[in-house]
Amino acid sequence: MNPQAKLLGLQSLSPLPIDSFAALLGSLICLSLSPIFIRLSELEIGPNATAFNRFWIAAVAFGLLNSWLNVGQQQQDAEPKLQKNYLGAEKRLLIADGLLLAMGTICWTWSLTQTSVANSSIIHNLIPIFTILGGWLAFGQLFDRRFIVGMFVAIAGVTLLEINELLSFRIGPQLLGDLAALVSAIFFGVHPLIAEQLRTKFNSVTIMTWSSTTSCLLLLPVTVLFSKEQLFPSSLTGWFSVIALAFVGQMLGIGLWTYCLKKISSGFASLVGLIVPVFSALEGWAILSEPLTFLALVSFVVILVGMYLAISSRSAIKSPLESTNS
């Protein structure tokens, strides 16, 4: 068999577009590293201040990158039309995307102070359910049976990661924390649907510039007036942590994830995101020497089975008609 025939054979094995799937995989690896930088940052500043610095640094970087990209497009006919679209419904969607990210982050960080990490994590990982349900209710998106089964298998795999702590959980005052985690899952579940709609008109850099700016503007009063946290780090280690979080977690993590929504469905992207806790566990074992249990390995296998079922379904990617508009 010649090399060209081998290449065609490999392409036929996977229906996923290689560039988008590579962007999604890179995004998940970057997002899995975020807890390390968050942990380092919170040695000096609080969770809301950490999120604020993450968003404002990313907003500045994305803004500069967006301006640089627009310089080469100023002579194109499509550019004036793009600017006019900012005055319509698209502008509201861009702002709404940032609001959802900020509100989801606030609820998620607050829930971790009110309930167990295990319970909060499991409830927060219900994101794909809300993404798929929202896509069906709002946009009429349909998902085949194989994809739905894969979703529940993957969620079951994530649950195994925290099953020991979950079984020891005692119902009590943590109910508010559980509800906050549920609200955060709803916010983060709707976010992919809006980002997916925006990708039909804007590039990922434009979307991330708007969402990061909106998020930092919302988090500023929350950090200063309500939580009254120290706003900026006071050491080189603290600044390194928030800058790394902005570039790795926000620009590469969320940015690459938004990029892949041009060809990959938001439901599938959210589902694959369930593998982030597994990556984090492996990185914690490799970098921080944290123990890796047999249950975590079993969870990894179960999640991979769910991923395989979802990848092999027709609901994972968009049709050519859907993806050529962006």
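Treat the numbers as computed from the prediction; the structure is a model and nothing was measured. For every chain, the first residue of the written sequence is number 1, and numbering continues from 1 onward in sequence order. Reporting of local features is limited, given that this is a predicted model, to residues whose pLDDT is at least 70; pairs of side-chain atoms are given and counted only at 80 or more, and all residues count toward the totals for whole chains, interfaces and linings. Here the side-chain values reflect all heavy atoms present in the structure, with hydrogen atoms and water set aside.

**Quick word on the overall build of the chain**
Note the threshold: Under the scheme used here, helices are H or I runs from DSSP no shorter than 4 residues and strands are E runs no shorter than 2 residues, and both carry numbers assigned from the N terminus. In what follows, residue pairs with any heavy atoms lying within 4.5 Å of each other are defined as contacts. Accessible surface is estimated by sampling points in the Shrake-Rupley manner with a 1.4 Å probe; for residues, cover comes only from the protein chains shown.
Secondary structure summary: the chain contains 16 helices and zero strands in total. The long-range fraction of contacts in the chain, counting pairs at least 24 apart against all pairs at least 6 apart in sequence, stands at 89%. Roughly 16500 Å² of accessible area belongs to the chain as shown, and the carbon and sulfur atoms make up 70% of that amount.

**Focus on the packing of helix α7 (residues 127-139) against helix α10 (residues 175-198)**
The condition that has to hold: Comment: axis = line fitted to C-alpha atoms, over the contacting stretch for helices; angle = value between 0 and 180 degrees taken between N-to-C directions. Any angle between 65 and 115 degrees counts as roughly perpendicular, while under 35 counts as roughly parallel, over 145 as roughly antiparallel, and the rest as oblique. Handedness of a helix crossing follows the sense of rotation of the near helix relative to the far helix, less than a right angle counterclockwise being left-handed and clockwise being right-handed. Each residue gets one of three labels, nonpolar for Ala, Val, Leu, Ile, Met, Phe, Trp, Tyr, Cys and Pro, charged for Asp, Glu, Lys and Arg, and polar for the others, Gly among them.
Where α7 contacts α10, the axes come no closer than 8 Å and their chain directions differ by 50 degrees. The pairing of α7 with α10 is recorded here as oblique in orientation. Crossing of α7 against α10: the hand is right-handed. In this structure, α7 contributes I127, F130, T131, G134, G135 and F139 to the contact, and α10 contributes L182, A185, I186, F188, G189, P192, L193 and Q197. Residues belonging to the contact of α7 with α10 are distributed by class as follows: nine nonpolar, five polar and no charged.

**A short note on the nonpolar core**
Most often, soluble globular proteins have nonpolar side chains that are buried together. Our working rule: Among buried residues, the Ala, Val, Leu, Ile, Met, Phe, Trp, Tyr and Cys ones that are joined through side-chain atoms within 4.5 Å form a nonpolar core. The rule is simple: take the accessible area with a 1.4 Å probe, protein chains only, and divide by the maximum for that residue type; under 20% is buried, over 50% is exposed, in between is partly exposed.
One finds L24, L28, F147, F268 and L271 to be the most contacted residues of the largest nonpolar core, which totals 27 residues. Elements with a minimum of two residues in this core: α2 (18-41), α8 (145-161), α12 (236-260), α13 (266-272), α14 (276-287) and α15 (294-311). A per-element tally of this core places α8 first, with five residues. With sequence-adjacent residues up to four places away left out, L24 is seen in contact with W257, C260, I264, F268, A269 and V272. A49, A58, F62 and M208 belong to the second largest nonpolar core, which has 12 residues in total.

Any link to function would need more than the numbers given here.
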